[in-house]
Structures are given as structure tokens and as C-alpha cells.
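Structural description and commentary
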Amino acid sequence: YAVDGRQYVAGARKVVAVKGNGAIDTAFAATGALTLPSDITDLAVAPDGDIVVGFGPASGRVRRYHAQGTPDAGFAGGSALAVDPAPEVAVTPTGRIVVAGSMAMPCGRTTLVRRFLGSGAVATDWAMHLVADCNGEAGDVVVTSTREVVVGGTAGALRRYGDDGSSLGAFGAAARHVALGTD
């Protein structure tokens, strides 16, 4: 992930900022590396340069950091947002955060997709979606240049959602889709 000539690399429990010349950017998080309390599952860069990090495979969390590596006190009350385990994250051009995680169902694991405001509050204008295929977990989530949200699952299904949260259907393997409401 690159912003203003700086690349962000995430692995294990650290996010490292690297300058365009390959040197560690020691201005980031005061040392060049941001350490999280558990393993990082995904990282996305917001349009304003802030960094959104998904972490904690067992008890998922999402936290927003300013570009210099300090926590965003305006996000989730200055804390980490509790989400479903193993969150995948993406940020829309308007700064909204899309989180895809997985949850246990009687038939197996399945994907849950939600969208939050830049503050960490649930975006009530966007339905929460459950991809009820019961044989996979969220593999990744991206926001396209046309502002569609695309979610890939480990079962091979790809789902698309409009900027308004409407389901635009599946790619590849068939998956059933259930909208769970707007809260």
C-alpha cells in the first residue's frame, strides 16, 4: 500500500513504513514500525492517508491510525472496533470502512460484510450482508474505482455490492445472499 511515496507493509503484529528509496521511515510511529496487540489480518489506506488495520484472528478488531502512525482518537472512541474474527478491510473513496469477516453458522463458517463510517459508527445507510454459502470465510474485500465492494471468500465465491449496499450478484461459484438489515 503506497501513499505520498511511502509504502506500508504489514506482517505478523507490525506495520512498517518504507520510503520511496527503500529506507524505513522512522518518522512513522516514532520508530518506523507500529506494533499491534495481535496478528494483522489486513491493512488499507484511506483517501486522507490514514491507515485502517484489521487484526486479531481469534477476536477481530479494526483500528484507524493517522498517517504518522498515531491512533485516531476520533475512531471508535479512540479504541479498536470489535468485529467478527479475522477482519478483512477496505476503505471507500469517501472514507467509509468496509469490513468482511466470518462467523460460525450451524452449517459451517460463512462471510459477513459490514460498512462503517470513518468514525467507526455503523453506516446505517448500507445493509449488513451475510453470504450464506456455509462453506467458506472472507478471503479479501476491495473497493473498485466505480465504488463497488467486491468480497472474495475461501469457498471460491465472489460477491459484489453497490455503493448503496445493494447486492449486485455473484461471480464464479454460486452463493446465496441474505441482506440482514441496516443496523
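A quick note: this is a predicted structure, and the numbers were derived from the prediction, not measured. (Residues numbered from 1 in each chain as written. Predicted model: local features only at pLDDT ≥ 70, side-chain atom pairs only at ≥ 80, totals over all residues. Heavy atoms only, no water.)

**Details of the overall build of the protein chain**
Looking only at helices and strands, one finds zero helices and 17 strands in the protein chain. Long-range pairs, those at least 24 residues apart, make up 40% of the contacts in the protein chain between residues at least 6 apart in sequence. Carbon and sulfur atoms provide 55% of the accessible area of the protein chain, an area that totals close to 8000 Å². (Helix = DSSP H or I, 4+ residues; strand = E, 2+ residues; numbered from the N terminus. Contact = heavy atoms within 4.5 Å. Areas by Shrake-Rupley, 256 points an atom, 1.4 Å probe, with all protein chains shown as cover.)

**Remarks on the sheet that holds strand β8 (residues 81-82)**
Pairing is antiparallel across the open sheet formed by four strands, whose spatial order is β5-β6-β7-β8. Every interior strand has two partners, whereas the edge strands, β5 (40-45) and β8, have only one. Of the strand pairs in this sheet, β5 and strand β6 (residues 51-55) are connected by five bridges, and their pairing is antiparallel. Along β6, the bridge assignment pairs L43 with V53. (Pairing = 2+ DSSP bridges.)

**Quick word on the nonpolar core**
In terms of nonpolar packing, the biggest core is built from 13 residues, with Y8, V15, F28, L34, L36, I51 and V53 touching the most fellow members. Take this core: its biggest share by element is three residues, from β6. By size, the runner-up hydrophobic cluster in this structure holds twelve residues, among which are A44, V83, V91 and I97. (Core = buried A, V, L, I, M, F, W, Y, C linked by side-chain atoms within 4.5 Å. Buried < 20%, exposed > 50% of the residue type's maximum accessible area, 1.4 Å probe, protein only.)

**Some thoughts on the pattern of salt bridges**
Enumeration over the complete set of coordinates arrives at nine salt bridges. Among the ionic pairs, D39 bridges to R13, the shortest N-O distance being 3.6 Å. Of this pair, D39 sits in the loop between β4 (33-35) and β5 while R13 sits in the loop between β2 (6-11) and β3 (14-18); the two residues are 26 residues apart in sequence, bridging distant segments of the chain. Residue classification places R13 among the partly exposed positions, given a relative accessible area of 41%. Measuring nitrogen to oxygen at the nearest pair gives 3.0 Å for the salt bridge that ties R64 to D48. In this pair, R64 is assigned in strand β7 (residues 61-65) and D48 in the loop between β5 and β6, connecting sequence segments 16 residues apart. When its relative accessible area of 5% is taken as the criterion, R64 is described as buried. Three or more residues are tied together by salt bridges with common partners; here these are D48, D50, R64 and D72. (Salt bridge = Lys/Arg side-chain N within 4 Å of Asp/Glu carboxyl O.)

**Some remarks on the pairing of β2**
Two strands pair when backbone bridges link them, and β2 and β3 are joined in this way by five bridges, in the antiparallel orientation. Each residue of the ladder has a partner; that of Q7, found in β3, is V18. Connecting β2 to the antiparallel partner β3 that follows it, the hairpin turn spans two residues, and A12 within it adopts a positive phi of roughly 50 degrees.

**Points about unusual backbone geometry**
The phi torsion of most residues other than glycine is negative, and most of the peptide bonds are trans. Not every positive phi belongs to a glycine, and A29 is a case in point at roughly 55 degrees. Inspection of the secondary structure assignment puts A29 in the loop between β3 and β4. Unusually for a residue other than glycine, R147 sits at a positive phi of about 70 degrees. Mapping R147 onto the fold places it in the loop between β13 (138-143) and β14 (149-153). Here R147 falls in the partly exposed class, since its relative accessible area comes to 31%.

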